[in-house]
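Understanding the architecture of this molecule
In case you want the letters, here they are:
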Amino acid sequence: MNRMYLIVITFMLVYDFFPNTLPTIVLPKIILGLLIGFYLSLLFKKNRHADDRAKFKEQVISILYLLFLIGLLTALGGKSSVGISFNNAFLWVVLLLSVFPIYSNWRKAKKEFP
């Protein structure tokens, strides 16, 4: 599983919930470097998943991790400057839209490995 995008999103969410904790000059450079590394890894990796089961697992773990991270940052007293919260309907719409490809990969994995 390529975890580079989760590291980038983690940094971005921590910075969004707690903008005064990290210097504003250093963080954008770190995020920019991680984003460049992530995109380069996508360019040079042709077959990212060996099978549909691996893709399904990665999608489920990513969604659960992001929900956990949002909950943790909120519980630690952070408040999103862009409005990411469990009360935001847009978050739930995006999660609902992400369920469709996850379900599709689950069906493919189920056919592949009965």
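Residues numbered from 1 in each chain as written. Predicted model: local features only at pLDDT ≥ 70, side-chain atom pairs only at ≥ 80, totals over all residues. Heavy atoms only, no water.

**Some remarks on the overall build of the chain**
The number of helices and strands found in the chain is four helices and zero strands. When the helices and strands of the chain are listed from N to C terminus, the series reads α-α-α-α. Burial analysis of the chain (114 residues in total) assigns 24% to the buried set. When contacts within the chain are restricted to residue pairs at least 6 apart in sequence, long-range pairs at least 24 apart make up 76% of them. For the chain, the computed accessible surface area is about 8100 Å², with 71% contributed by carbon and sulfur atoms. (Helix = DSSP H or I, 4+ residues; strand = E, 2+ residues; numbered from the N terminus. Buried < 20%, exposed > 50% of the residue type's maximum accessible area, 1.4 Å probe, protein only. Contact = heavy atoms within 4.5 Å. Areas by Shrake-Rupley, 256 points an atom, 1.4 Å probe, with all protein chains shown as cover.)

**A closer look at the side chain of S80**
In this fold, S80 is placed in the loop between helix 3 (52–75) and helix 4 (89–112). Separated by 3.3 Å, the side chain of S80 and the backbone nitrogen of V82 make a polar contact. Contact partners of S80, with chain neighbours within four places excluded, come to D16 and F17. (Polar contact = N/O pair within 3.5 Å; in protein donor to acceptor, adjacent residues only side chain to side chain.)

**Considering the confidence of the model for the chain**
Atomic detail in the predicted coordinates should be set aside for any region of low pLDDT. Counting all residues, the mean pLDDT for the chain is 76, and 68% of those residues have values of 70 or more. When pLDDT is averaged over each helix and strand of the chain, the minimum, 62, is found for helix 2 (residues 26–44) and the maximum, 85, for helix 3. (pLDDT = per-residue confidence, 0-100.)

**Focus on the packing of aromatic side chains**
Here the structure, examined in full by the defined rule, presents one aromatic pair. An angle of 35° between the planes, with centres 6.1 Å apart, marks the rings of F86 and W92 as tilted. (Phe/Tyr/Trp six-rings, centres within 6.5 Å; stacked < 30°, edge-to-face > 60°.)

**Observations regarding the nonpolar core**
Counting seven residues, the largest nonpolar core consists of L13, F17, L69, I70, L73, L91 and L95. Those elements that place two or more of their residues in this core are helix 1 (4–17), helix 3 and helix 4. With three residues, helix 3 is the largest single contributor of residues to this core. Sequence-distant contacts of F17, that is, excluding residues within four places in its chain, are made with I70, L73, T74, G78, K79, S80 and I84. (Core = buried A, V, L, I, M, F, W, Y, C linked by side-chain atoms within 4.5 Å.)

**What to know about the environment of Q59**
By the secondary structure assignment, Q59 is in helix 3. For the pair Q59 and I102, spaced 43 residues apart in sequence, the C-alpha separation works out to 6.5 Å. Apart from residues lying up to four places away in sequence, Q59 is in contact with P101, I102 and N105.

**Here we look at the environment of L69**
Note on placement: L69 falls in helix 3. A residue is classified by how much of its surface remains accessible, and L69, at 6% relative accessible area, is buried. Taking the C-alpha atoms as reference, L69 lies 9.9 Å from I9; in sequence the two are 60 residues apart.

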